[in-house]
Amino acid sequence: MVSTWYLAGLGLFVALSDMFGGYDRYIYAELFDRMADVTRAGDNPWTSESFEYYDTEFGYGTWCALLSYITYNRYIFIFVTTITAYFLLIRSFKDYSDNVPFTIILFLGLWFFFTFTYLRQVMGCAVGALSYRYVIKRDFKRFIIIWFIAYSFHNSALLLLPIYFLPPIRKFKIETVIQFMVICFLIGLTPIPQGLFSTYDAIDDARVAAGGYNQASGFRIAYLLEAGFFLYFILKNYKKIPETPKDIIFLNMSLIFCAILLVFVKSENGGRMSWYFMVPLVCFLPKVCLERRKINSYGLIIIVTCFFLYYRIYNSWQTTMHALYPYKTFLTDGHRQGDNIYDEFEYDTNYDEDKFYRPALWFMK
């Protein structure tokens, strides 16, 4: 119960923050505001220019359209979207993890900061996580429905589809796993993985054009180290992993998480493709880190590493774009001094004067 409230608190911390995280939050907010203007004028948001940006990711576009009937304000839109994603993650952690506190530590080191900014993909991953239970139960109908909803939020959820067809009660040999990882790494050294980004829509193309990110970035040593680190602990305890359907499925999905990092070892943002396997990884690792409910030496090493990863991301974001400190909510007007992201991407300075100059709820003037 304490862990659930802590995770809920993290969700509020993210949801209440002023435009933290960089370009992505601004472009999603601007497109929502434009759609809300269409709704506010009495027109159909599904025929708006903003909705057309999400032509292949109509689930997210529909989410925005529905919220435009509730609020016209970007901050309420971000708040509701973030809280929804965290609610789904809380449910998944409670259902899948044997030790939620340890799972939260992993979450903080691996994924927490990205929930500030990648609204669309975080929603896709949070929805996709609900489908794992139906892989375990071998319920294809419910799995495919939830997978399709996740795919409609972010097309990269296509990676989740093959998961249903993985052998549910089969452990692959360690030698096979190592060979597979080597092949993934070799593929990652080729130009092939960059082609997978063609599944991204116009929003991502616009981000590239605006300088939001560069797909090709050279060799990412961090991806290689992260994949190698988790592979070591998984394979070191491979024989101890129970052979239940849930444990085997989450084991294999954790291995896929590592494989994707190796495939995208030369891509700046390819690691985001692994997020669909993040929940299985953080829920599975307690199996190798706990003995009789006590943290073993492996667990201590992983905790220290997660602290390092947490600090590395925080320091990187703070150094490059002053993204996270000092913390400020949208409950007060103005913006943080020295916030170069605000200076570069703020599209509506009226928000700076009054965060709620656009009605928070549809019935407000």
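Residues numbered from 1 in each chain as written. Predicted model: local features only at pLDDT ≥ 70, side-chain atom pairs only at ≥ 80, totals over all residues. Heavy atoms only, no water.

**Section: unusual backbone geometry**
Line of reasoning, step 1. Tyr325 connects to Pro326 through a cis peptide bond whose omega is 0 degrees.
Line of reasoning, step 2. As for its placement among the helices and strands, Pro326 is situated in the loop between helix 16 (297–321) and helix 17 (340–345).
Line of reasoning, step 3. For Arg138, which is not glycine, the phi dihedral falls at a positive 60 degrees. (Helix = DSSP H or I, 4+ residues; strand = E, 2+ residues; numbered from the N terminus.)

**A closer look at the confidence of the model for the protein**
Line of reasoning, step 1. Per-residue confidence for the protein gives a mean pLDDT of 87, with 91% of residues at or over 70.
Line of reasoning, step 2. Note that residues 198–203 has pLDDT below 50 and, in this model, 19 contacts with residues that lie over four places away or in other chains.
Line of reasoning, step 3. Of the regions scoring below 50 in pLDDT, residues 205–216 engages in 23 contacts with residues more than four places distant in sequence or in other chains. (pLDDT = per-residue confidence, 0-100. Contact = heavy atoms within 4.5 Å.)

**A word on helix 1 (residues 2–15)**
Line of reasoning, step 1. Taking 1.5 Å of rise per residue, the 14 residues of helix 1 would be expected to cover 20 Å, and the 20 Å separating its terminal C-alpha atoms lies within 8% of that figure.
Line of reasoning, step 2. Residues Ser3, Thr4, Leu7, Leu10, Gly11, Val14 and Ala15 constitute the buried set of helix 1. The buried residues of helix 1 occupy one face: seen down the axis, they fall within an arc of 130 degrees. For helix 1, exposure combined with an orientation more than 90 degrees from the buried face picks out Val2 and Trp5.
Line of reasoning, step 3. Next to the buried residues of helix 1 lie helix 2 (23–40), helix 5 (74–96) and helix 6 (100–110). (Expected span 1.5 Å × (residues − 1). Buried < 20%, exposed > 50% of the residue type's maximum accessible area, 1.4 Å probe, protein only. Arc of directions from axis to C-beta.)

**Here's the deal with the nonpolar core**
Line of reasoning, step 1. One finds Phe77, Phe107, Trp111, Phe112 and Val279 to be the most contacted residues of the largest nonpolar core, which totals 117 residues.
Line of reasoning, step 2. The element best represented in this core is helix 13 (residues 245–263), accounting for twelve residues.
Line of reasoning, step 3. Every residue in contact with Phe112, bar those within four places of it in the chain, is listed here: Leu10, Phe13, Val14, Tyr86, Phe107 and Tyr310. (Core = buried A, V, L, I, M, F, W, Y, C linked by side-chain atoms within 4.5 Å.)

**Quick word on a nonpolar patch on the surface**
Line of reasoning, step 1. Together, Ile178, Val182, Leu186, Leu189, Phe219, Ile221 and Leu225 line one region of the surface with nonpolar side chains, adding up to about 630 Å² of accessible area.
Line of reasoning, step 2. Elements that contribute at least two residues to the nonpolar patch include exactly helix 10 (174–188) and helix 12 (221–236).
Line of reasoning, step 3. The greatest single-element share of the nonpolar patch, amounting to three residues, is contributed by helix 10.
Line of reasoning, step 4. Structurally, Ile221 can be placed in helix 12.
Line of reasoning, step 5. Given a relative accessible area of 47%, Ile221 falls into the partly exposed group. (Patch = residues over 30% accessible without salt bridge, like charges linked within 9 Å, V, L, I, M, F, W, Y side chains within 5 Å. Areas by Shrake-Rupley, 256 points an atom, 1.4 Å probe, with all protein chains shown as cover. Salt bridge = Lys/Arg side-chain N within 4 Å of Asp/Glu carboxyl O.)

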